[in-house]
Number of protein chains: 2
Amino acid sequence: MAKPKKTPRPKAETPKGFRDYFGAEVTQRAEMLRKIAAVYHRYGFDALESSGVETVEALGKFLPDVDRPNEGVFAWQEDADADKPGDWLALRYDLTAPLARVYAQHRNDLPTPYRRYAMGPVWRNEKPGPGRFRQFYQCDADTVGAPSVAADAEICAMLADCLEEVGIERGDYIVRVNNRKVLNGVMEVAGLAGDDKDAERGIVLRAIDKLDRLGPDGVRALLGEGRKDDSGDFTKGAGMSERQADVVMGFMTAKRDTGVATVARLRELVDGSAIGEQGVDELETIADLMAAAGYGADRVEIDPSVVRGLGYYTGPVFEAELTFEIKDDKGRVRNFGSVAGGGRYDDLVKRFTGQEVPATGVSIGVDRLLAALHAKGRMTGDTAGPVVVTVMDKTRMADYQAMVAELRQAGIRAEVYLGNPKNFGNQLKYADSRNSPVAVIAGGDEFETGVVQIKDLILGAKMAENATLEEWKDRPSQYQVARGDLVTKVRDILGQQD
Amino acid sequence: MAKPKKTPRPKAETPKGFRDYFGAEVTQRAEMLRKIAAVYHRYGFDALESSGVETVEALGKFLPDVDRPNEGVFAWQEDADADKPGDWLALRYDLTAPLARVYAQHRNDLPTPYRRYAMGPVWRNEKPGPGRFRQFYQCDADTVGAPSVAADAEICAMLADCLEEVGIERGDYIVRVNNRKVLNGVMEVAGLAGDDKDAERGIVLRAIDKLDRLGPDGVRALLGEGRKDDSGDFTKGAGMSERQADVVMGFMTAKRDTGVATVARLRELVDGSAIGEQGVDELETIADLMAAAGYGADRVEIDPSVVRGLGYYTGPVFEAELTFEIKDDKGRVRNFGSVAGGGRYDDLVKRFTGQEVPATGVSIGVDRLLAALHAKGRMTGDTAGPVVVTVMDKTRMADYQAMVAELRQAGIRAEVYLGNPKNFGNQLKYADSRNSPVAVIAGGDEFETGVVQIKDLILGAKMAENATLEEWKDRPSQYQVARGDLVTKVRDILGQQD
């Protein structure tokens, strides 16, 4: 017989930039999403789940290009039909673009305003890096068709409620609110009004959006003549004078001790600009609505230093920041920072229908929020392993199954050891690797006398580390009980461990 | 100024074969998955979430082909690196192929046996049809590395528990168990043993797997000379004699009134075949283990007529069927049928590691299960709309926000009307379209006297349909209460509606 040709073995690897999540990583995130969904639901938001795949045409923004169809998204072309080429499809890169498509498609059947929430994976075709993955979760709530600033205020309150619901204590977070219209007013006052200043305004918006990265000096350089970066590349600035740039920089540092004082300071800055004054009025209204609903400045505050997204949003902008300190990888103490953001945006569906529809929304970074709770030791999700019923006598499998069935019916997480039972030490090692709280042991002697041995593995491990001989005697970690008392005794031990 | 070039508007449509899910469709499924996950967890299974994207190489089965890379899967090629072509990536088509990759990749860090569950969307690049979508949910549990038939028995018990947990009552379902080894034994007895009969055995396996579609006559034809289908195409048969085919057909009708009698009948059929006898022993063991764990034949039974998947699985095969009757689209009464299936399969990771690892698992069809619960009127998920606080006086928005904040803090789903408040009729229409149980109304008079109007919309709708004038007077559907009693009164009304 000819030797069969060997096919090389496939590599067992995730694609670059993707990863697997195990056990508590999955259940803790699911539990967090469930809690956030409950808050969204309580606020009258309805669930929406669109599929991961959209047409590239409907997604927009990223257009297919024969040479490089995958710019930023994962895209592919459907097989051609008899008479026309196949559509380009792509994985969604966020939950807002699909919302626009859904609203345009179903607007006659949806309520107005339409409050919807959505949670699920999104995909980005980007260069992966440490902690940067090409699939991650988003968790959004948006109100479509409500021009009123009350819709923005509601989302700020909801964001605060979500953070508390998942375990961030009041005082450990702040929802900060800013307004793009105030910045527009500031630019008007600084002399950047008019169609001919469009390019300059664009430079200012992009500069401000980079405050986190470049710092005030970098932004200031971009407002003026321009900035040379570390690599020597020069970025042209907006060409503002010192005094003009002062006005814009003043906007970002306009925060005062009280909301009232901040609003007053912003009014000075936008004096004479109608759009600016409208923006300040909106901020003041949001502050009033928040106060009326019982959300004080300890939870939601006006802060003109929130600049992230000002280039994208058209009205109120909000960001939730965790204010507690954590230690970073290098042991340095720093603030945890932003875990959610959002704001008001126009033209959600205009590209589909030609009709302007106002919308406002928020996106919560669940993975950052999970990391924050871990950093604070407040992650309470159930990570306990199962009670393991060990197998001393292979021919007694039916008896072991009966035990485990009783435990499960009592709501106790439990399993029979299903590996090769020959080496009993392996079974205890297995229980250890499973983080099991309790092992149940029964062999010939136990079956004969109608008892079982129950081993408290948590106490056993503690005592093995610390206990004196006296303590070992006083508080054994293994008990012999009547077979009929199995469930009661296991439940007792689990209760003591909690 | 030159007229700007118009870009055509994109179509607001899902790609063919994809759909959106709204409101209760999303939450009911999420709730079902949560309940099933809780049962899986109680049985000691750990969550696993892999990403939607895998390399085509790791997925296997569907191999990339330059002309038609998308055969059955959605696949695309990564951009090339400097020195080598990009990998082919694809959306996962099930949750078992990723499990194989995960187990091969992480096997040194995973417990043995490894019990894992996974739930999430999978994608198939198939021709869409009515009720057939190209993205759908799977919800799987598998035990990897446990050769013992106790692992299969455990999964049958778990499947029964899952069905009861989501609301299928005992008596309305049955988990049926069969075994591929018994069929192998039957084929041996029928004279299809030996390497030279490989093709015939393949034909028999495929024929049996089609029993649902072709019926007994169709299968019988395929066991013999062959079968001509409706289109006139001829499928070559296995060439068995009448007597040989009788043996195979006898296997599928071997079910008797009791498990003991069925096992006895199967023993007759495989008499003389070692593999067949081993299969019957396994079925008998499963029956014994089920009985010991308290799962009677009303929940799990041996049934050789389960043929789906016999071609794929290598040992025990199981299927959960709902036994109650429903009416189909055309009003005909029929059994609801299968909602879950699974079995034992070999070689899970062999293609990666060369090492044989036994595995057994189950996949629950959550969308079919949801449809079944809807058909029986047993879908209890929360579909209630929010309490709507209407807006009579735009300048009082802060007061309305305070009301809605109180309701939400009391755990009551509620919202302020955020559309244009000018037309009050529109607000009540909105409440109606939202399925709201209660509307709260307050205008100038109410604010002056410190009261609110609370309208029971459910009772109001009922009375508008049925009530006599007397009843209208006796039981009003609108109440005036002190502002401070808002939450209490709304809670009362919601309680009465339940």
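Residues numbered from 1 in each chain as written. Chains lettered and ligands numbered in written order. Predicted model: local features only at pLDDT ≥ 70, side-chain atom pairs only at ≥ 80, totals over all residues. Heavy atoms only, no water.

Student: Any chance you could explain the overall build of chain A here in plain terms?
Tutor: Secondary structure assignment for chain A yields 18 helices and 19 strands. The C-alpha radius of gyration of chain A comes to 30 Å, more than 25% above the 23 Å expected for a compact globule of 498 residues. Taking the principal axes of the C-alpha coordinates as reference, chain A spans close to 95 × 70 × 55 Å. In chain A, buried positions account for 53% of the 498 residues. (Helix = DSSP H or I, 4+ residues; strand = E, 2+ residues; numbered from the N terminus. Rg over C-alpha atoms; globule rule 2.2 N^0.38 Å. Buried < 20%, exposed > 50% of the residue type's maximum accessible area, 1.4 Å probe, protein only.)

Student: Help me understand helix α12 (residues 366–375) of chain B in this model?
Tutor: Residues spaced three or four apart along an α-helix point in a common direction, a consequence of the helix completing one turn every 3.6 residues. Residue and element names in this part refer to chain B. Those residues of α12 lying buried are Val-366, Leu-369, Leu-370, Ala-372 and Leu-373. The buried side chains of α12 occupy one side of the element, clustering within an arc of 160 degrees when seen end-on. If you follow the buried residues of α12, they end up packed against α1 (24–42), β7 (135–144), α4 (149–165), β12 (316–327), β13 (333–345) and β14 (359–364). With its phi angle positive at about 65 degrees, Gly-377 sits one or two positions after the end of α12. (Arc of directions from axis to C-beta. Contact = heavy atoms within 4.5 Å.)

Student: What is the right way to look at the sheet that holds strand β3 (residues 53–55) of chain B in this model?
Tutor: Across a sheet, strands are paired by hydrogen bonds formed along the backbone, either parallel or antiparallel in direction. All names here are of chain B. Here we have three strands laid out as an open sheet, ordered β3-β5-β4, and antiparallel in their pairing. Strands at the two margins of the open sheet, each flanked by one partner only, are β3 and β4 (75–77). Along the sheet, successive strands turn relative to each other by an average axial angle of 30 degrees, direction set aside. (Pairing = 2+ DSSP bridges. Axes fitted to C-alpha atoms, helices over the stretch in contact; angles between N-to-C directions.)

Student: Could you clarify how one ought to interpret the packing of aromatic side chains in this entry?
Tutor: To describe a pair of aromatic rings, you give the distance between the ring centres and the angle between the ring planes. Tallied over the entire structure, the rule returns 24 aromatic pairs over all chains. Relative to Tyr-313 of chain A, the ring of Tyr-312 of chain A has its centre 4.8 Å away and its plane inclined at 70 degrees; by these criteria the two rings are edge-to-face. Using a relative accessible area of 14% as the deciding quantity, one classes Tyr-313 of chain A as buried. Aromatic ring contacts, followed pair by pair, group Phe-18, Phe-74 and Trp-76 of chain A together with Phe-18, Phe-74 and Trp-76 of chain B into a single cluster. Above the plane of the ring of Tyr-21 of chain A lies Arg-29 of chain A, whose end atom (NZ or CZ) is 4.4 Å from the centre. (Phe/Tyr/Trp six-rings, centres within 6.5 Å; stacked < 30°, edge-to-face > 60°. Lys NZ or Arg CZ within 6 Å of the ring centre and 35° of its normal.)

Student: What is the right way to look at the pattern of salt bridges in this model?
Tutor: Side chains that differ in sign of charge can pair as their charged atoms come close. If you walk through the whole model with that rule in mind, you get 66 salt bridges over all chains. Arg-220 of chain A is the salt-bridge partner of Asp-246 of chain A, the closest N and O atoms lying 2.7 Å from each other. With a gap of 26 residues between them, Asp-246 of chain A in helix α8 (residues 242–252) and Arg-220 of chain A in helix α7 (residues 211–223) connect regions that are remote in the sequence. Taking the shortest distance from any N to any O, the salt bridge between Glu-282 of chain B and Lys-181 of chain B comes out at 2.6 Å. Within this pair, whereas Glu-282 of chain B is found in helix α10 (residues 274–292), its partner Lys-181 of chain B is found in helix α5 (residues 180–189), the two being separated by 101 residues in sequence. Relative accessible area serves as the criterion here: at 16%, Lys-181 of chain B is assigned to the buried category. Through salt bridges with shared partners, one network takes in Asp-46, Arg-115 and Glu-154 of chain A together with Arg-408, Arg-413, Glu-415 and Arg-434 of chain B. (Salt bridge = Lys/Arg side-chain N within 4 Å of Asp/Glu carboxyl O.)

Student: Would you take a moment to explain the sheet that holds strand β17 (residues 438–441) of chain A for this structure?
Tutor: Residue and element names in this part refer to chain A. The strand order across the open sheet formed by five strands is β16-β15-β17-β18-β19, and the pairing between neighbours is mixed. The strands lining the two open edges of the sheet, one partner per strand, are β16 (414–416) and β19 (478–482). When strand polarity is set aside, the average angle formed by the axes of neighbouring strands in this sheet is 25 degrees. With four bridges connecting them, β17 and strand β18 (residues 451–456) associate as antiparallel partners. Following the sheet pairing, Ala-439 is matched in β18 by Lys-455.

Student: Help me understand unusual backbone geometry in this model?
Tutor: Leaving glycine out, the prevailing phi sign among residues is negative, and the prevailing peptide bond configuration is trans. Residue and element names in this part refer to chain A. Between Thr-112 and the following residue, Pro-113, the backbone shows a cis peptide bond with an omega angle of -5 degrees. Structurally, Pro-113 is set in the loop between α3 (96–106) and β6 (114–123). With a phi close to 60 degrees, Asn-435 is a non-glycine residue in the positive phi region. As for its position among the elements, Asn-435 is in the loop between α14 (424–433) and β17. What makes Asn-435 partly exposed here is its relative accessible area of 43%.

Student: Where do I start with the relation of the copies chain A and chain B in this structure?
Tutor: Put simply, the two copies of the chain differ by a rotation about an axis and a shift along that axis. Of the transformation placing chain A onto chain B, the axial shift is 0.0 Å and the rotation is 180 degrees, giving an RMSD of 0.1 Å. As the rotation angle and translation indicate, the two copies are arranged about a two-fold axis. Residue Trp-76 of chain A, judged by its C-alpha, is the member of chain A lying nearest the rotation axis, at 2.8 Å. (Least-squares fit on C-alpha atoms with pLDDT ≥ 70 in both.)

Student: Would you mind going over the confidence of the model for chain A with me for this structure?
Tutor: Atomic detail in the predicted coordinates should be set aside for any region of low pLDDT. All names here are of chain A. Overall, the prediction assigns chain A a mean pLDDT of 90, with 94% of residues at 70 or greater. The low-confidence segment residues 63–67 (pLDDT under 50) makes four contacts with residues lying over four places distant or belonging to another chain. Taken together, the chains of this predicted complex give a pTM of 0.92 and an interface ipTM of 0.91. (pLDDT = per-residue confidence, 0-100.)

Student: Would you mind showing me how to read the packing of helix α1 (residues 24–42) of chain A against helix α12 (residues 366–375) of chain A here?
Tutor: Between two packed helices, both the angle of their axes relative to each other and the distance between the axes serve to describe the pair. All names here are of chain A. It is the contact of α1 with α12, at a shortest axis distance of 11 Å, that shows an interaxial angle of 110 degrees. In terms of orientation, α1 lies roughly perpendicular with respect to α12. Crossing hand, α1 versus α12: right-handed. Residues Gln-28, Arg-29, Met-32, Leu-33 and Ile-36 of α1 pack against Val-366, Asp-367, Leu-369, Leu-370, Leu-373 and His-374 of α12. Split into classes, the residues belonging to the contact of α1 with α12 amount to seven nonpolar, two polar and two charged. (Parallel < 35°, antiparallel > 145°, perpendicular 65-115°, else oblique. Left-handed = near helix turned anticlockwise from the far one by under 90°. Nonpolar A, V, L, I, M, F, W, Y, C, P; charged D, E, K, R; others polar.)

Student: Could you clarify how one ought to interpret the interface of chain A and chain B in this entry?
Tutor: Buried accessible area, meaning the area lost when the parts come together, often serves as the stated size of an interface. The interface is formed by 99 residues belonging to chain A together with 99 residues belonging to chain B. When chain A packs against chain B, close to 8,200 Å² is buried across both sides, 53% of that on carbon and sulfur atoms. When the buried surface of chain A facing chain B is broken down by residue, Glu-49, Arg-408 and Leu-418 of chain A rank first, second and third, together holding 9% of it. In this structure, the connection of chain A to chain B is made through 14 salt bridges. A salt bridge links Arg-101 of chain B to Asp-20 of chain A, with the shortest nitrogen-to-oxygen separation between them at 2.7 Å. Seen at the junction of chain A and chain B, the total is 50 residue pairs in polar contact (both at pLDDT 80 or more). Here the side of chain A that touches chain B takes seven residues from helix α13 (residues 397–409) of chain A, the largest share from any one element. (Buried area = accessible area lost by both parts, 1.4 Å probe. Polar contact = N/O pair within 3.5 Å; in protein donor to acceptor, adjacent residues only side chain to side chain.)

Student: I tried to follow the pairing of strand β5 (residues 88–91) of chain A on my own but got confused; where do I start?
Tutor: The side chains of a regular strand alternate, residue by residue, between the two faces of the sheet. Residue and element names in this part refer to chain A. As paired strands, strand β3 (residues 53–55) and β5 are joined by three bridges and run antiparallel to one another. Opposite Val-53, over in β5, you have Leu-91 as the bridge partner. As paired elements, strand β4 (residues 75–77) and β5 share three bridges and run antiparallel to each other. Across the sheet, the residue bridging to Ala-75 is Ala-90, located in β5.

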